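Results of the structural survey
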Amino acid sequence: PSCIRAFGNFQGGNLKYWPEDDKKTNLESLREEDAEVLDVQNTTAFMDGNRAHEVEAFTGDERFSLVFFTAGHYQKTADDVREQLVQVGI
């Protein structure tokens, strides 16, 4: 899952998310009425970031997002790579 929140002085900029996206359909084929609109300026949202999503148009000075996610199969990372990541503080 992904966790997302938007910050800044802006209006609009909601996140549109297609929770039923099968990850195979051409994006242009997705129907607008199947999308959920998430207000990530006022609420932290959790979603599957591998499914279709987009940011709606916004106005204002700035909009930035913090997104936290876990990469799939991270537990299979080789020991030497894991040690390198620890050495650089990750």
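Refer to the structure printed above.
Report on the accompanying structure.

What counts and what doesn't
- Residues numbered from 1 in each chain as written.
- Predicted model: local features only at pLDDT ≥ 70, side-chain atom pairs only at ≥ 80, totals over all residues.
- Heavy atoms only, no water.
- Core = buried A, V, L, I, M, F, W, Y, C linked by side-chain atoms within 4.5 Å.
- Buried < 20%, exposed > 50% of the residue type's maximum accessible area, 1.4 Å probe, protein only.
- Helix = DSSP H or I, 4+ residues; strand = E, 2+ residues; numbered from the N terminus.
- Pairing = 2+ DSSP bridges.
- Axes fitted to C-alpha atoms, helices over the stretch in contact; angles between N-to-C directions.
- Contact = heavy atoms within 4.5 Å.

With that out of the way, let us pick up the nonpolar core. Core analysis: the largest hydrophobic core is formed by nine residues, namely Ile 4, Ala 6, Phe 10, Leu 15, Tyr 17, Leu 38, Val 40, Ala 45 and Met 47. Elements that contribute at least two residues to this core include exactly strand 1 (2-7), strand 3 (15-17) and strand 5 (45-47).

One open sheet accounts for three strands, arranged 5-1-8; its pairing is antiparallel. Edge strands, defined here as strands with exactly one partner in the open sheet, are strand 5 and strand 8 (64-69). In this sheet, adjacent strand axes meet at a mean angle of 25 degrees when their direction is disregarded. Relative to strand 8, strand 1 runs antiparallel, the two being bridged by six bridges. Opposite Cys 3, over in strand 8, you have Phe 68 as the bridge partner.

Overall, antiparallel pairing links the three strands, which are arranged 4-3-6 in an open sheet. Each edge of the sheet is formed by a strand with only one pairing partner; in this case those strands are strand 4 (36-38) and strand 6 (53-55). Strand after strand, the sheet turns through a mean of 25 degrees between neighbouring axes, direction not considered. Here three bridges tie strand 3 to strand 6, and the two strands are oriented antiparallel to one another. Its bridge partner being in strand 6, Lys 16 is matched across the sheet by Glu 54.

Structurally, the position occupied by Ala 6 is in strand 1. Along the sequence, Ala 6 and Asp 39 sit 33 residues apart, while their C-alpha atoms lie 8.7 Å from each other. In this view, Ala 6 contacts Val 40, Gln 41, Arg 63, Phe 64 and Ser 65; residues no more than four positions away in its chain are not counted.

Here the phi dihedral of Lys 23 falls at roughly 70 degrees; this positive angle occurs in a residue that is not glycine. In this fold, Lys 23 is placed in the loop between strand 3 and strand 4. Judged by relative accessible area, Lys 23 falls into the partly exposed class, the value being 47%. Even without being glycine, His 73 reaches a positive phi, approximately 65 degrees. Among the secondary structure elements, His 73 is positioned in the loop between strand 8 and helix 1 (79-87).

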